[in-house]
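If you want the building blocks of each chain, they are given just below.
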Amino acid sequence: MKKGISAYGLGATLYMPATRHDIVDTIVTGKIVGLRSLVICLEDAVTEQDLAAAMENLKGMLVALSKEKQCHSLIGWPLIFIRPRNEKIGQQLVDEYDLSAVDGFVLPKFTLASLADWSAVLANTHLHWMPTLETEDVFDVNAMQELVAALETHECRDKIIALRIGGNDLMNCVSLRRSREFTLYDGPMGYVIKMLVAVFGPKGFALTAPVCEHIDDHRLLEKELALDVAHGLVGKTAIHPNQIGIIQKALMVSSLDHEDALRINNSSKAVFKAGGAMCEPATHRRWAQSILDRVHYFGVAQAPSPAAASPSMQAQHG
């Protein structure tokens, strides 16, 4: 994988339709605070009648970004990805567009059947892959086991930053839309996410979490983020800038987990007690490394000060 690109570095990945005219300014000026990764979308976010205009707009954006890249430092730029509509559009982008400022493609509706086509499209490029799992066969554990077996030994393996879980498309497969009251984990997607983690995680593939489409319900987003982190997902799709800070705050590591990870990585003991829990380096070392990777990108969350405790808690301890 290209040095410096890590699944943990994605953070909140903001999707923007390629019909927008402010994307270059957003990237170059850094006007969205905390933006670490951005997807310029030519797929579901663009209607068929707007596709030609979106393609033309994208071509101009990429020329402008290439010029900016040559003239200025890229420090502070987010990772930039394009989500082609399909393999044909992907090939057109590779053949006709300046992709020098682009880090990779998000591959829509990715399946074992499309692996060969995408491999042919991207074979001679610098582009990294983020395949999106969002088709009916994602519900089939056997199909996912076949896919991970193919990816594990494929020449594209080192180009895959993460696999993205397409929650809205998967919910559409079962004629559902996410609830306004419950997280994705409270419905069929709870099974899907758990299964995907169990299938892809042991093979070293990172997975990112689906979008929370209820943009203004930050309580629901925070509740879902806690479950994303508990399932080992490394980032989350965002569709509005006001979700970015919330997502990346949730990806910070607690001071207790950070301390445990350091102890586990540095201990010569087979098992020991820390913070009231058993630590066993032989079984916890991979977890510890993932915690330290998150700390590198998101930092350590400070524990609430005693002064921030609620009045009821203060009364209990008064």
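For clarity, every value in this text was computed on a predicted model and none was experimentally measured.

S.K.: How would you sum up the side chain of His214? Please name residues and give values.
M.R.: With respect to the secondary-structure elements, His214 resides in the loop between strand S7 (207–208) and helix H8 (218–230). Judged by relative accessible area, which is 8%, His214 ranks as buried. Once residues within four sequence positions are removed from consideration, His214 is found in contact with Arg177, Arg178, Ser179, Arg180 and Leu220.

S.K.: Describe helix H7 (residues 188–200), naming the residues involved and giving the relevant values.
M.R.: Under the 1.5 Å per step criterion, the end-to-end length of H7 is 19 Å for 13 residues, consistent within 8% with the ideal 18 Å. For H7, the full list of buried residues reads Met189, Gly190, Val192, Ile193, Met195, Leu196, Val199 and Phe200. Considering only its buried residues, H7 is in contact with strand S5 (128–133), helix H5 (141–153), strand S6 (163–165), helix H6 (167–173) and S7.

S.K.: Tell me about the packing of aromatic side chains, and please be specific about residues and values.
M.R.: What characterises a pair of aromatic rings is the spacing of the ring centres plus the angle enclosed by the ring planes. One pass over the structure, following the stated rule, counts two aromatic pairs. Arranged with centres 6.4 Å apart and planes meeting at 70 degrees, the rings of Phe110 and Trp129 form a pair that is edge-to-face. Of this pair, Phe110 sits in the loop between strand S4 (104–107) and helix H4 (115–122) while Trp129 sits in strand S5, placing them 19 residues apart in sequence. Classification of Phe110 by relative accessible area gives buried; the value is 1%. Residue classification places Trp129 among the buried residues on the basis of a relative accessible area of 2%. Centroid distance Phe200 to Phe205: 6.2 Å. Interplanar angle 90 degrees. Geometry classified as edge-to-face. Judged on exposure class, the residue Phe200 and its partner Phe205 are both buried. The ring of Tyr97 carries the charged tip of Lys59 above its face, separated from the ring centre by 4.9 Å. Lying over the aromatic face of Phe205, Arg157 brings its terminal NZ or CZ to 3.8 Å of the ring centre.

S.K.: Outline the layout of surface pockets, supporting the account with residue identities and numerical values.
M.R.: Taken as a whole, the largest pocket spans an internal volume of roughly 690 Å³. What lines the largest pocket is a set of 23 residues, and nearest its centre among them are Tyr8, Gly232, Val234, Arg286 and Ser290. Top contributing element to the lining of the largest pocket by residue count: helix H11 (residues 281–298), with seven residues. Its residues assigned to classes, the lining of the largest pocket comprises 13 nonpolar, six polar and four charged.

S.K.: Could you give an account of the packing of H5 against H7, naming the residues involved and the relevant values?
M.R.: Running from amino to carboxyl end, H5 crosses H7 at an angle of 35 degrees, the nearest separation of the two axes being 10 Å. As H5 packs across H7, the resulting crossing turns out to be right-handed. Across the interface between the two elements, Val141, Met144, Gln145, Leu147, Val148 and Leu151 of H5 pack against Tyr191, Met195, Leu196, Val199 and Phe200 of H7. Of the residues contributing to the contact of H5 with H7, the split by class is 10 nonpolar, one polar and no charged.

S.K.: So, the packing of helix H3 (residues 87–96) against H4: which residues are in play, and what are the values?
M.R.: Axis separation between H3 and H4 bottoms out at 9 Å; the angle between their running directions is 10 degrees. With respect to H4, the axis of H3 lies roughly parallel. In this structure, H3 contributes Glu87, Gly90, Gln91 and Val94 to the contact, and H4 contributes Asp117, Trp118, Ala120, Val121 and Leu122.

S.K.: Report on the pattern of salt bridges, specifying residues and quantitative values.
M.R.: A complete count under the given rule lists 15 salt bridges for this structure. When the shortest N-O distance is used, the salt bridge between Glu43 and Lys109 registers 2.5 Å. With Glu43 in the loop between strand S2 (37–41) and helix H2 (51–71) and Lys109 in the loop between S4 and H4, this pair connects stretches of sequence that are 66 residues apart. By relative accessible area, Glu43 is classed as buried at 6%. The partner of Lys109 in a salt bridge is Glu134, and the shortest N-O contact between them spans 3.8 Å.

Thresholds, definitions, all that
- Residues numbered from 1 in each chain as written.
- Predicted model: local features only at pLDDT ≥ 70, side-chain atom pairs only at ≥ 80, totals over all residues.
- Heavy atoms only, no water.
- Helix = DSSP H or I, 4+ residues; strand = E, 2+ residues; numbered from the N terminus.
- Buried < 20%, exposed > 50% of the residue type's maximum accessible area, 1.4 Å probe, protein only.
- Contact = heavy atoms within 4.5 Å.
- Expected span 1.5 Å × (residues − 1).
- Phe/Tyr/Trp six-rings, centres within 6.5 Å; stacked < 30°, edge-to-face > 60°.
- Lys NZ or Arg CZ within 6 Å of the ring centre and 35° of its normal.
- 1 Å grid on protein atoms, 1.4 Å probe; cavity = no way out; pocket = protein on both sides within 12 Å on 5 of 7 lines; lining within 4 Å.
- Points joined across faces, edges and corners; volume = space filled by probe spheres on them.
- Nonpolar A, V, L, I, M, F, W, Y, C, P; charged D, E, K, R; others polar.
- Axes fitted to C-alpha atoms, helices over the stretch in contact; angles between N-to-C directions.
- Left-handed = near helix turned anticlockwise from the far one by under 90°.
- Parallel < 35°, antiparallel > 145°, perpendicular 65-115°, else oblique.
- Salt bridge = Lys/Arg side-chain N within 4 Å of Asp/Glu carboxyl O.

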